[in-house]
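# Per-entry structural report
In case you want the letters, here they are:
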Amino acid sequence: MVFCWSLAKNRSREAQLSLNGNITISMSKAWNLVMNSNLQYTNLQNISNTMLQNNGLSGSFGISNTLQVNKKFTISTFFGNFKPPIGLQGYTSSQWFYNITPSYKFFKDKLVLTIAAARFFSNYVTVKTVQSDPNFHSENLNSFQARNLRLGIIWNFGKLTEKVSRKKGINNDDVL
């Protein structure tokens, strides 16, 4: 848990409280599950104009899976949400993410082929941004292409043959 407080030159005050977490679980020898999250509460206040203040929650969470079906074939998935931090005059809506990525190894694991499908249930994502203070109010809707399909090709040229030292301890021989 993190608490942060700052006083900026533009005469504003910001206090934040954050909680972060990460859990990795090996469900079996072939299946790994990873969950991560970040929750943040922010309180903003303009010192010169106390009517101008904002507070709220932001953060993200995600769940990813990796299932090794066999030595050649792996399926990975991801599901999550991102809520951008609030600003003194507004906020931006959250976004959902999800994808599935199967991969297959060829030619003695030298070539890896992946096909990633992301946000395949939605054609577009619309993000709403609201900005306001006592003198104005603005709402902006921004839509962008959500559904996508990606092809990845990885070629492994060789193996790393660097020798790793097992010697323990620190040697500070570069001291003046």
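Notes on the structure in this doc start here. Keep in mind that this is a model prediction, so the values were computed, not measured.

### A closer look at the overall build of the chain
- When helices and strands are counted, the chain shows 0 helices and 11 strands.
- Each helix and strand of the chain, ordered N terminal to C terminal, gives the series β-β-β-β-β-β-β-β-β-β-β.
- Sorting the 176 residues of the chain into buried and exposed places 22% on the buried side.
- A sequence separation of at least 24 residues applies to 46% of the contacts in the chain between residues at least 6 apart.
- Counting every atom, the chain has about 13300 Å² of accessible surface; 58% of that belongs to carbon and sulfur.

### What about the side chain of threonine 92?
- Inspection of the secondary structure puts threonine 92 in strand β6 (residues 90-92).
- Among residues more than four places away in sequence, those in contact with threonine 92 are Lys83, Pro84, Val127, Lys128 and Thr129.

### Description of the pattern of salt bridges
- Taken as a whole, this structure holds 1 salt bridge when the rule is applied.
- Between glutamate 139 and lysine 128 there is a salt bridge whose closest N-O contact spans 3.5 Å. Of this pair, glutamate 139 sits in strand β10 (residues 136-145) while lysine 128 sits in strand β9 (residues 124-133), placing them 11 residues apart in sequence.
- We classify lysine 128 as partly exposed; its relative accessible area is 30%.

### Topic: the environment of isoleucine 154
- Tracing the chain through its elements places isoleucine 154 in strand β11 (residues 148-155).
- Every residue in contact with isoleucine 154, bar those within four places of it in the chain, is listed here: Lys110, Leu111 and Val112.

### So, a nonpolar patch on the surface
- A surface patch of nonpolar side chains, amounting to about 490 Å² of accessible area, comprises Ile23, Ile25, Met27, Trp31, Leu67 and Val69.
- With respect to the helices and strands, the residue valine 69 is situated in the loop between β4 (53-68) and β5 (73-83).

### A closer look at the sheet that holds β9
- As summarised here, the arrangement of the 3 strands in space is β6-β9-β10, forming an open sheet in which the pairing is antiparallel. Strands with a single pairing partner mark the edges of an open sheet, and in this sheet they are β6 and β10. In this sheet, neighbouring strand axes are inclined to one another by 10 degrees on average, regardless of whether the strands run parallel or antiparallel.
- With 3 bridges connecting them, β6 and β9 associate as antiparallel partners. Residue pairing in the sheet places glycine 90 in a bridge with glutamine 131 of β9.

### Concerning the side chain of asparagine 46
- Among the structural elements, asparagine 46 can be located in strand β3 (residues 31-46).
- For asparagine 46, a relative accessible area of 14% corresponds to the buried category.
- Side-chain polar atoms of asparagine 46 contact the backbone nitrogen of serine 48, separated by 2.8 Å.

### Comments concerning the packing of aromatic side chains
- One pass over the full model with this rule turns up 9 aromatic pairs.
- On the numbers, 5.9 Å between centres and 80 degrees between planes, the contact of phenylalanine 61 with tryptophan 96 is edge-to-face. Residue phenylalanine 61 is located in strand β4, and its partner tryptophan 96 is located in strand β7 (residues 95-106); the two are separated by 35 residues in the primary sequence.
- Look at phenylalanine 73 and tyrosine 104: their rings are 6.4 Å apart centre to centre, the planes differ by 45 degrees, and that puts the pair in the tilted class. Of this pair, phenylalanine 73 sits in strand β5 while tyrosine 104 is found in strand β7, placing the two residues 31 residues apart along the sequence.

### Observations regarding the environment of serine 64
- Among the structural elements, serine 64 can be located in strand β4.
- Linking serine 64 and isoleucine 100, residues 36 residues apart in sequence, is a C-alpha distance of 9.7 Å.
- The contact partners of serine 64, leaving out residues within four places of it in the chain, are Asn32, Leu33, Val34, Thr77 and Phe78.

Parameters at a glance
Residues numbered from 1 in each chain as written. Predicted model: local features only at pLDDT ≥ 70, side-chain atom pairs only at ≥ 80, totals over all residues. Heavy atoms only, no water. Helix = DSSP H or I, 4+ residues; strand = E, 2+ residues; numbered from the N terminus. Buried < 20%, exposed > 50% of the residue type's maximum accessible area, 1.4 Å probe, protein only. Contact = heavy atoms within 4.5 Å. Areas by Shrake-Rupley, 256 points an atom, 1.4 Å probe, with all protein chains shown as cover. Salt bridge = Lys/Arg side-chain N within 4 Å of Asp/Glu carboxyl O. Patch = residues over 30% accessible without salt bridge, like charges linked within 9 Å, V, L, I, M, F, W, Y side chains within 5 Å. Pairing = 2+ DSSP bridges. Axes fitted to C-alpha atoms, helices over the stretch in contact; angles between N-to-C directions. Polar contact = N/O pair within 3.5 Å; in protein donor to acceptor, adjacent residues only side chain to side chain. Phe/Tyr/Trp six-rings, centres within 6.5 Å; stacked < 30°, edge-to-face > 60°.

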